[in-house]
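Structural description and commentary
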Amino acid sequence: MSRIAISSTGDVDFGGLVSHLLHVPDAIGKIILPSSPSHHESRNSESKGNIPTDIVDTPNELIFYMDVPGLSKSDIQVTVEEEKWLVVRSSGKRKRSENEEEEEGFKYLRMERTTQKLIRKFRLPENCNTSAITAKCENGVLTVVVEKLPPPPKSKTVQVAIS
């Protein structure tokens, strides 16, 4: 049975709560209702944000569209780890106004835009060609294209005459 977790900071594991209320088995609940990060993960010194992503599956490729407003292509790193994980990271260094250091008395009245590090990992299907990945960043949208491997040839049945 699922347990309802409440961290020392008062964060409630809503995925566990819903799973408990609906009596969802643990194996299915982990897929459908992912739990909130553990207390240890939320206290990690490197805060990580989430990158909103759309994924399109075509016959020949997977296309990832990610919102990365305010970041340039030099701030973003796209890698493949263990030949099965597509990993997108950003340094989180968003440039502020150029007047910031030039004018005396310049100060922010409000700073709402975050500058946290962003990371997103995607498990790639077996039929992806990890050596044929391209990425481009235009107008705050990172587009990553992962080519698929061609399907294996179908086996042929050959009738052999018995003499």
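Up top is the structure.
Residues numbered from 1 in each chain as written. Predicted model: local features only at pLDDT ≥ 70, side-chain atom pairs only at ≥ 80, totals over all residues. Heavy atoms only, no water.

1. Topic: the overall build of the protein chain
For clarity, the cut-off: Helix and strand definitions follow DSSP, with helices as H or I runs of at least four residues and strands as E runs of at least two, each counted in order from the N terminus. The method behind every accessible area is Shrake-Rupley, applied with a 1.4 Å probe, and residues are considered shielded solely by the protein chains displayed.
Assigned secondary structure in the protein chain consists of 3 helices and 8 strands. Accessible area of the protein chain: about 13,000 Å², with a carbon and sulfur share of 51%.

2. So, the environment of Ile63
The following threshold applies: Only protein chains enter the accessibility calculation, which uses a 1.4 Å probe; a residue is then buried when its area is under 20% of its type maximum, exposed when over 50%, and partly exposed in between.
Positionally, Ile63 belongs in strand β3 (residues 61-67). The exposure class of Ile63 is buried, given its relative accessible area of 11%.

3. Digging into the side chain of Ser90
Rule in force here: Residues count as neighbours in contact if any of their non-hydrogen atoms are within 4.5 Å of one another.
Tracing the sequence through the fold places Ser90 in strand β5 (residues 85-90). The residues touching Ser90, leaving out its near neighbours within four places in the chain, are Leu71, Asp75, Ile76, Lys117 and Leu118.

4. Observations regarding the pattern of salt bridges
Convention followed: Put simply, a salt bridge is a Lys or Arg side-chain nitrogen that is within 4 Å of an Asp or Glu carboxyl oxygen.
Using the criterion set out here, one finds 2 salt bridges in the structure. Here Asp57 makes a salt bridge to Lys148, at a shortest N to O gap of 2.3 Å. One end of the pair, Asp57, is in strand β2 (residues 53-57); the other, Lys148, is in strand β8 (residues 141-148), with 91 residues separating them in the sequence. Note on Asp57: relative accessible area 55%, which makes it exposed. With a relative accessible area of 18%, Lys148 lands in the buried category.

5. A look at a nonpolar patch on the surface
Defined as follows: Only residues whose relative accessible area exceeds 30% and that form no salt bridge enter a patch; like-charged residues are grouped when within 9 Å of one another, and nonpolar side chains (Val, Leu, Ile, Met, Phe, Trp, Tyr) when within 5 Å.
A contiguous nonpolar surface patch, about 270 Å² in accessible area, is contributed by Phe106, Tyr108 and Met111. Structurally, Met111 is set in the loop between β5 and β6 (117-123).

6. Some thoughts on the sheet that holds β8
Threshold: For two strands to be treated as a pair, DSSP must find no fewer than two bridges joining them. Here an axis means a line fitted to C-alpha atoms, over the contact stretch when the element is a helix, while the angle between two N-to-C directions is reported on a 0 to 180 degree scale.
A sheet is described by the order of its strands in space; here 4 strands give the open sequence β2-β3-β8-β7, paired in antiparallel fashion. The strands lining the two open edges of the sheet, one partner per strand, are β2 and β7 (128-138). Strand-to-strand twist of the sheet, defined as the mean angle between neighbouring strand axes without regard to direction, takes the value 15 degrees.

7. Some remarks on the nonpolar core
The following threshold applies: Buried Ala, Val, Leu, Ile, Met, Phe, Trp, Tyr and Cys residues form a nonpolar core when they are joined through side-chain atoms within 4.5 Å.
Ranked by size, the top nonpolar core spans 16 residues in total, and within it Phe64, Met66, Leu86, Leu142, Val144 and Val146 carry the most contacts. Breaking this core down by element, the ones donating at least two residues are β3, β5, β6 and β8. Not counting residues within four places of it along the chain, the set of residues in contact with Met66 comprises Ile51, Pro52, Thr53, Val88, Phe122, Gly140, Val141, Leu142 and Val144.

8. Observations regarding the pairing of β3
Two strands pair when backbone bridges link them, and β2 and β3 are joined in this way by 5 bridges, in the antiparallel orientation. From the neighbouring strand, Val56 faces β3, where its bridge partner is Ile63. What sits between the antiparallel neighbours β2 and β3 is a turn of 3 residues. Relative to β8, β3 runs antiparallel, the two being bridged by 7 bridges. Across the sheet, the residue bridging to Glu61 is Glu147, located in β8.

9. Some points on the environment of Glu81
Rules: In protein, a polar contact requires one atom able to donate a hydrogen and another able to accept it; more generally it is a pair of N or O atoms within 3.5 Å, and residues adjacent in sequence count only if both atoms are side-chain atoms.
Its location among the elements puts Glu81 in strand β4 (residues 76-81). Considered as a pair, Glu81 and Thr130 are 49 residues apart in the sequence and their alpha carbons are 9.6 Å apart. Side chain to side chain, Glu81 and Arg89 meet in a polar contact 3.2 Å long.

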